Amino acid sequence: EVQLVESGGVVVQPGGSRRLSCAASGFTFDDHAMHWVRQAPGKGLEWVSLISWDGGITHYADSVKGRFTISRDNSKNSLYLQMNSLRAEDTALYYCVKDQGSSGYFEPFDYWGQGTLVTVSS
Amino acid sequence: QSVLTQPPSASGTPGQRVSISCSGGSSNIESNTVKWYQQLPGTAPKLLIYTNNQRPSGVPDRFSGSKSGTSASLAISGLQSEDEGDYYCATWDDSLNGYVFGTGTKVTVL
């Protein structure tokens, strides 16, 4: 059974930093691209970032480019999101998402975690 | 501001057919395949349709997708109370070099 378990959500001050983690199990982690998708309270879904199966390709939404960094450790079946210079508008539930393919471009997101909440507030 | 536009709401009585549109452009829907995700209240999104009109195993055939040009649509036939929730279209955008989600449509069963 595929499981994606996010952690690291917290209340953080504007301008602060935080690293989110996602522990994956139930599938061959290094065969698949991974994504982070977020959802602000009461709002819609927003794609944040993708990383290819080997970490060689990464892409970011314009809203987080230059502030967030996605990474993965295939030896630990783990995905990460380093978030710097956090803003109030980054407040959201952050989902770890498995891609059906390896590159991250065209295949669907076939499994989602339950999310971890990041609140940016003073 | 999403580049994929959906109606904010749709509704129907049990058994009716409901259709949700997703309007995009040449760099997203026209160039790439469309996915649809269902988010039931209090839960994570779930894949409903991929490659414009394909259903993953376990998704009832009451759900169907289509695409034409820069638009796509999701139809729910034989609407059931458990279909109440939010529905999002999504695709890759060649200009933005990233994924884009639709604005989302809340489906209500009257």
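Computed from a prediction, not measured in an experiment: that's the story for all the values here.

Trainee: Teacher, can you tell me more about the overall build of chain A here?
Mentor: Looking only at helices and strands, chain A has zero helices and eleven strands in total. Along chain A, helices and strands appear, N-terminal first, in the series β-β-β-β-β-β-β-β-β-β-β. At 13 Å, chain A has a C-alpha radius of gyration in line with the 14 Å of a compact globule built from 122 residues. Here chain A holds 122 residues, and 50% of them are scored as buried. Nonlocal contacts in chain A, meaning residues at least 24 apart in sequence, comprise 56% of its contacts between residues at least 6 apart.

Trainee: Help me out: how do you make sense of the state of the cysteines in this one?
Mentor: All names here are of chain B. Under the definition given, this model contains two disulfides over all chains. Put simply, Cys22 and Cys89 are joined by a disulfide, and their sulfur atoms are 2.0 Å apart. The chirality of the disulfide connecting Cys22 with Cys89 is right-handed, given an S-S dihedral of about 75 degrees. Residue Cys22 is located in strand 2 (residues 18–23), and its partner Cys89 is located in strand 7 (residues 85–93); the two are separated by 67 residues in the primary sequence.

Trainee: How do you make sense of the interface of chain B and chain A when you look at a structure like this?
Mentor: Many structure descriptions define interface size as the accessible area lost when the parts assemble. In this assembly, 17 residues from chain B lie in contact with 22 residues from chain A. When chain B packs against chain A, close to 1600 Å² is buried across both sides, 63% of that on carbon and sulfur atoms. There are zero salt bridges connecting chain B and chain A. Where chain B touches chain A, the interface holds seven residue pairs in polar contact (both at pLDDT 80 or more). Sorting the residues of the side of chain B that touches chain A by element identifies strand 3 (35–39), strand 7 and strand 8 (98–101) of chain B as the ones contributing at least two each. For the side of chain B that touches chain A, the class distribution of residues is ten nonpolar, six polar and one charged.

Trainee: Would you mind going over the sheet that holds strand 2 of chain B with me for this structure?
Mentor: Strand pairing in a sheet takes place through backbone hydrogen bonds and is either antiparallel or parallel in direction. Residue and element names in this part refer to chain B. Strand order in the open sheet made by the three strands is 2-6-5, with antiparallel pairing throughout. Each end of this open sheet is capped by a strand with a single partner; those strands are strand 2 and strand 5 (63–68). Pairs of neighbouring strands in the sheet enclose a mean axial angle of 15 degrees, with direction left out of account. In this structure, strand 2 lies alongside strand 6 (residues 71–76), joined through six bridges in antiparallel fashion. Of the residues in strand 6, the one forming a bridge with Ile20 is Leu74.

Trainee: So what exactly am I meant to see when it comes to the packing of aromatic side chains here?
Mentor: For any pair of aromatic rings, geometry is given as the distance between the ring centres together with the angle between the planes. All told, the structure shown has 14 aromatic pairs over all chains when counted by the stated rule. A ring pair is formed by Trp47 of chain A and Tyr99 of chain B, whose centres lie 6.5 Å apart and whose planes are at 50 degrees; its orientation type is tilted. Taken as a pair, Trp47 of chain A in strand 5 (residues 45–51) and Tyr99 of chain B in strand 8 lie in two separate chains rather than in one. Both residues of the pair, Trp47 of chain A and Tyr99 of chain B, belong to the buried class. Seen in terms of ring centroids, Tyr95 of chain A and Trp112 of chain A are 5.7 Å apart; in terms of plane orientation they differ by 80 degrees. Their pairing is edge-to-face. Residue Tyr95 of chain A is located in strand 9 (residues 92–99), and its partner Trp112 of chain A is located in strand 10 (residues 109–112); the two are separated by 17 residues in the primary sequence. Note on Tyr95 of chain A: relative accessible area 2%, which makes it buried. Three or more aromatic residues joined by ring pairs form one cluster here, namely Trp47, Tyr95, Tyr105, Phe106, Phe109 and Trp112 of chain A together with Tyr37, Trp92, Tyr99 and Phe101 of chain B. Stacked on the ring of Tyr80 of chain A, the Lys or Arg Arg19 of chain A has its end atom at 4.1 Å from the ring centre.

Trainee: Looking at this structure, how should I read the pairing of strand 11 (residues 116–120) of chain A?
Mentor: Each regular strand displays side chains that alternate between the two surfaces of the sheet. All names here are of chain A. What you see with strand 11 is a clean split: Thr116, Val118 and Val120 sit on the buried side and Leu117 and Thr119 on the side with no burial. In terms of strand pairing, strand 2 (residues 11–12) meets strand 11 through two bridges, oriented parallel. Bridge assignment links Val11 to a residue of strand 11, and that residue is Thr119. Bridge analysis of strand 9 against strand 11 gives three bridges, and the strand direction is antiparallel. Residue pairing in the sheet places Ala92 in a bridge with Val118 of strand 11.

Scoring rules and cut-offs
Residues numbered from 1 in each chain as written. Chains lettered and ligands numbered in written order. Predicted model: local features only at pLDDT ≥ 70, side-chain atom pairs only at ≥ 80, totals over all residues. Heavy atoms only, no water. Helix = DSSP H or I, 4+ residues; strand = E, 2+ residues; numbered from the N terminus. Rg over C-alpha atoms; globule rule 2.2 N^0.38 Å. Buried < 20%, exposed > 50% of the residue type's maximum accessible area, 1.4 Å probe, protein only. Contact = heavy atoms within 4.5 Å. Disulfide = S-S within 2.5 Å. Buried area = accessible area lost by both parts, 1.4 Å probe. Salt bridge = Lys/Arg side-chain N within 4 Å of Asp/Glu carboxyl O. Polar contact = N/O pair within 3.5 Å; in protein donor to acceptor, adjacent residues only side chain to side chain. Nonpolar A, V, L, I, M, F, W, Y, C, P; charged D, E, K, R; others polar. Pairing = 2+ DSSP bridges. Axes fitted to C-alpha atoms, helices over the stretch in contact; angles between N-to-C directions. Phe/Tyr/Trp six-rings, centres within 6.5 Å; stacked < 30°, edge-to-face > 60°. Lys NZ or Arg CZ within 6 Å of the ring centre and 35° of its normal.

Bear in mind that shape data such as this cannot, by itself, settle questions of function.
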